[in-house]
Amino acid sequence: VDIEQKNYYKLVFYAYEEKPDEEVINIFDVSKVGAVEFAASGEQLAIETITIPLEEQCEFPNGDTINFTMFSYNTMGPRVYFELENGNLDYDVRLKGIDDLGSEIYFYLSHIGGDGECWFVLEEDTGYDFSAEASQLTLQVYAVEMPEQSGEIGNDYQSIGEPFTIQLK
């Protein structure tokens, strides 16, 4: 998307009734709730985005390595960008941290692209309000190995590597 020019967007919202005995949601149980259409330019967002270069690395027990490259934040929220050293990651990864005001923050792995772009985004449901008052953020990598057969990721995340601190101001 060319953020220099005006782009047109349409967001359509759907709701479904979850039925405890059904593993698959029937398409007929989904109903359209509403839609929002708008035009916007990302030019102002790009101007307001603060980026902080990172030079942190984390190696996993199997030898996979991720290199943290950038932290950014704007009105859309914070993101932590990284690159995969060998192009592969056999783990589900989370970032947990705390800012210098004592507020906890959580990120989940949002995107691993074949184009090399990878990032974590803020877990919205944690109630964390990224504060402009905070001057530093300390993050720790937590990971769980991806299952080889079941497809179900466990919840036994273990800390990997050393925590690292991002100076926000």
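A quick note: this is a predicted structure, and the numbers were derived from the prediction, not measured.

Trainee: Quick question: what am I supposed to make of the side chain of Asp-64 here?
Mentor: Mapped onto the fold, Asp-64 is located in the loop between β3 (50-59) and β4 (65-74). Notably, Asp-64 is buried but unbridged: the nearest opposite-charge side chain belongs to Arg-94, and the N-O separation is 16 Å. Among the polar contacts made by the side chain of Asp-64, one reaches the main-chain amide nitrogen of Asp-90 at a distance of 3.0 Å. Sequence-distant contacts of Asp-64, that is, excluding residues within four places in its chain, are made with Cys-58, Glu-59, Asn-86, Asn-88, Leu-89, Asp-90 and Tyr-91.

Trainee: Can you walk me through the pattern of salt bridges in this structure?
Mentor: Between side chains of opposite charge, a pair can form as their charged atoms come close. For the structure on display, the rule yields two salt bridges. For the salt bridge of Arg-94 with Asp-92, the shortest nitrogen-to-oxygen distance reads 3.8 Å. Under the relative-accessibility criterion, Arg-94 is labelled partly exposed at 27%. Salt-bridge contacts for Arg-94 lead to Glu-123; the nearest nitrogen and oxygen are separated by 3.3 Å. Of the two residues, Arg-94 is situated in strand β6 (residues 91-99) and Glu-123 in the loop between β8 (118-122) and β9 (136-145); the sequence distance between them amounts to 29 residues. By relative accessible area, which is 17% here, Glu-123 ends up buried. A single salt-bridge network, built from bridges that share partners, covers Asp-92, Arg-94 and Glu-123.

Trainee: In this structure, what is going on with the environment of Gly-77? I would like to understand it.
Mentor: By the secondary structure assignment, Gly-77 is in strand β5 (residues 77-84). Since its relative accessible area comes to 19%, Gly-77 is described here as buried. Separated by 46 residues in the primary sequence, Gly-77 and Glu-123 place their C-alpha atoms 9.9 Å from one another.

Trainee: Sorry if this is basic, but what is going on with the nonpolar core here?
Mentor: One recurring pattern in soluble globular proteins: nonpolar side chains tend to sit buried together. Within the largest apolar cluster, 30 residues are counted, with the highest numbers of intra-cluster contacts made by Phe-60, Phe-68, Phe-71 and Phe-107. Elements represented by at least two residues in this core include exactly β3, β4, β5, β6, β7 (104-112), β8, β9 and β10 (158-167). Filtering out sequence-adjacent residues up to four positions away, Phe-107 remains in contact with Phe-71, Pro-78, Arg-79, Val-80, Arg-94, Leu-95, Phe-120, Val-121, Leu-122, Glu-123, Leu-137 and Leu-139.

Trainee: How should I be thinking about the packing of aromatic side chains in this particular structure?
Mentor: Ring pairs (aromatic) are described by centroid distance and by the angle formed between their planes. On inspection of all chains with the given rule, the structure shows seven aromatic pairs. Through successive ring pairs, a cluster of aromatic residues spans Phe-68, Phe-82, Phe-120 and Phe-164. Over the face of the ring belonging to Tyr-142 we find Lys-96, whose NZ or CZ atom lies 4.9 Å from the ring centre.

Basis of the calculations
- Residues numbered from 1 in each chain as written.
- Predicted model: local features only at pLDDT ≥ 70, side-chain atom pairs only at ≥ 80, totals over all residues.
- Heavy atoms only, no water.
- Helix = DSSP H or I, 4+ residues; strand = E, 2+ residues; numbered from the N terminus.
- Buried < 20%, exposed > 50% of the residue type's maximum accessible area, 1.4 Å probe, protein only.
- Lys, Arg positive; Asp, Glu negative; His and termini not counted.
- Salt bridge = Lys/Arg side-chain N within 4 Å of Asp/Glu carboxyl O.
- Polar contact = N/O pair within 3.5 Å; in protein donor to acceptor, adjacent residues only side chain to side chain.
- Contact = heavy atoms within 4.5 Å.
- Core = buried A, V, L, I, M, F, W, Y, C linked by side-chain atoms within 4.5 Å.
- Phe/Tyr/Trp six-rings, centres within 6.5 Å; stacked < 30°, edge-to-face > 60°.
- Lys NZ or Arg CZ within 6 Å of the ring centre and 35° of its normal.

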